[in-house]
Amino acid sequence: MQLMPVSLAYFLEVARTGAVSEAAQNLRVAPSAISRQIAKLEAGVGVPLFVRHPRGMTLTDAGSRLLVHARRSEAESSALLTELRTGSGADVRSVTVACSEGFARRLVPHAMAAFRQDHPDVTFRLDRVPHQEATRRVAEGIADVAVTYAMGPRHDVRVECAVVVQMAAIVPSGHQLADRERVGLAELCAYPLALAPAGTTQRDLFDIGVQLEGLTVRPALVCDAMASKYEFVRSGGGIALVGDLGVPDPHPDPAAEGVVYVPLDHPVFRRREAQVQTMLGRQLPWAATEFTGLLVSLLRRSESTR
């Protein structure tokens, strides 16, 4: 069931897909019906919402502003339908979180467990996705909150909190670097490295730092799975990079994980922020609002422990 006006629902799908034909296929309606509704909407607001190209459509500035409103309306309509069907009123007690892998490993599950100790009736859905996808899901109302990495301010979501996360090298227990207070980028690159794939914030910044230092690096392992990188390090394959989140334990026991965390000293990594993101202008249900507040406090606490 759709509570939004048909013209706004069609506008949303064309904005998502960039083409009337694809939007029509997804909505199972005729392309002409979508074109009529978009034209009606543009006539009503008095300005074009799309720029028409031979192979698709892109939003105008006015269309981009309307998209923010439409996404918020869609999310609120979906929440209202859930409340009406479940009889839960305004007190929705399920929270959907999208986060990148580093946060899914420790911070977010820790926060969920702590939250449920005080609110055992609240349920969670955790989706581990790439950092751009986490932001997209919040911007489109698919997730209530995102915890992810970003480089600089965001204008498509509301940033509830942003902290610079220190990078660390993880080395096997007993490694030559294990007793160091910090390690430089050039020294780190003298060892076999397990790195994230290109396109991740961590790898992009690493490549910038390497270029600035005039270094040449051929990774021993390129992998997007953190568990695999940890096992590679534990098995003596080399060194890997992680974000030292400091939550729940800023100084993990080497005997427990088989690795030691050594802070990486290079200013390029200060460009990357850990952010808690929510949808622009959306009033989140109580549980999502309270959980977002907990995530913010944990991130800020982790910043103060460094």
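Criteria and cut-off values
- Residues numbered from 1 in each chain as written.
- Predicted model: local features only at pLDDT ≥ 70, side-chain atom pairs only at ≥ 80, totals over all residues.
- Heavy atoms only, no water.
- Helix = DSSP H or I, 4+ residues; strand = E, 2+ residues; numbered from the N terminus.
- Buried < 20%, exposed > 50% of the residue type's maximum accessible area, 1.4 Å probe, protein only.
- Axes fitted to C-alpha atoms, helices over the stretch in contact; angles between N-to-C directions.
- Parallel < 35°, antiparallel > 145°, perpendicular 65-115°, else oblique.
- Contact = heavy atoms within 4.5 Å.
- Nonpolar A, V, L, I, M, F, W, Y, C, P; charged D, E, K, R; others polar.
- Arc of directions from axis to C-beta.
- Pairing = 2+ DSSP bridges.
- Expected span 1.5 Å × (residues − 1).
- Core = buried A, V, L, I, M, F, W, Y, C linked by side-chain atoms within 4.5 Å.
- Polar contact = N/O pair within 3.5 Å; in protein donor to acceptor, adjacent residues only side chain to side chain.

Caption draft 1: How the structure looks around the overall build of the protein chain. Secondary structure assignment for the protein chain yields twelve helices and 13 strands. Looking at the protein chain as a whole, 47% of its 306 residues are labelled buried.

Caption draft 2: Seen up close, the packing of helix α1 (residues 6-17) against helix α3 (residues 31-45). Relative to each other, α1 and α3 sit at 110°, their axes nearing to 9 Å. Relative to α3, α1 is oriented roughly perpendicular. In this structure, α1 uses V6, S7, L8, Y10, F11 and V14 to contact α3, whose residues at the interface are A33, I34, Q37, I38 and L41. Of the residues belonging to the contact of α1 with α3, the class tally is nine nonpolar, two polar and no charged.

Caption draft 3: The arrangement of helix α2 (residues 20-27) in detail. If you check which residues of α2 are buried, you get V20, A23 and A24. Down the axis, α2 shows its buried residues gathered within 100° of arc, on one side only. Of the residues in α2, the exposed ones pointing more than 90 degrees away from the buried face are S21 and Q25. Where α2 is buried, its residues contact α1, α3 and β2 (56-59). Within two residues after α2, R28 carries a phi angle of roughly 60°, on the positive side.

Caption draft 4: Just the pairing of strand β3 (residues 94-99), in detail. Here β3 lies mainly inside the structure; five of its six residues are buried. Here β3 runs beside strand β4 (residues 123-128); their pairing, made up of six bridges, is parallel. Residue V97 lies in a different strand from β4, and its bridge partner there is L126. As judged from the three bridges shared by β3 and strand β5 (residues 145-150), these two strands associate in the parallel manner. Considered in β5, the bridge of A98 is made with A146.

Caption draft 5: Looking closely at the sheet that holds strand β10 (residues 221-222). Ordered by their spatial adjacency, six strands build an open sheet running β8-β12-β7-β11-β9-β10, and the pairing between neighbours is mixed. In the strand order of this sheet, the two ends are held by β8 (183-184) and β10, each with one partner. The sheet contact formed by strand β9 (residues 193-195) and β10 spans two bridges and is parallel. Looking at the pairing, L195 lines up with V222 of β10. Sheet strands in contact with helix α10 (residues 226-234) are β7 (167-172), β9, β10, β11 (239-243) and β12 (259-265), and its direction is about 140° off that of β11.

Caption draft 6: Up close: the sheet that holds strand β6 (residues 158-164). Ordered in space as β4-β3-β5-β13-β6, the five strands form an open sheet in which the pairing is mixed. Either end of the sheet is taken by a strand with one partner, and the two such strands are β4 and β6. The mean angle between the axes of side-by-side strands here comes to 20°, regardless of whether they run parallel or antiparallel. The strands touched by helix α7 (residues 131-139) are β3, β4, β5 and β13 (273-278); relative to β5, the strand with the most contacts, the crossing angle is about 145°.

Caption draft 7: Focus on α3. Its 15 residues give α3 an end-to-end C-alpha distance of 21 Å, which sits within 8% of 21 Å, the value for a rise of 1.5 Å per residue. Within the span of α3, buried status applies to A33, I34, I38, L41 and E42. Taken around the axis of α3, the buried residues stretch over an arc of 165°, which confines them to a single face. Summarising the geometry of α3, the exposed residues directed more than 90 degrees from the buried face are R36, K40, A43 and G44. Two residues or fewer after α3 comes G46, characterised by a positive phi angle close to 90°.

Caption draft 8: The arrangement of the nonpolar core in detail. Residues V95, V97, F103, V108, F291, L295 and L299 are the most contacted members of the largest nonpolar core, which totals 27 residues. Mapped onto this core, the elements with two or more residues apiece are β3, α5 (101-105), α6 (107-118), β5, β6, β13 and α12 (286-304). For V97, the residues in contact, after removing those within four places along its chain, are V108, M112, R125, L126, D127, V145, V147 and F291. Core analysis: the next-biggest nonpolar cluster, separate from the first, contains 21 residues, M167, A169, V171 and L195 among them.

Caption draft 9: The arrangement of unusual backbone geometry in detail. Non-glycine residue R28 carries a positive phi angle of around 60°. For R28, the position within the fold is in the loop between α2 and α3. Note on R28: relative accessible area 79%, which makes it exposed.

Caption draft 10: Main features of the side chain of T201. For T201, the location among the structural elements is in helix α9 (residues 201-213). A polar contact of 3.2 Å, which involves the side chain of T201, links it to the side chain of R272. Sequence-distant contacts of T201, defined by excluding residues within four places in its chain, comprise H131, Y149, M151 and R272.

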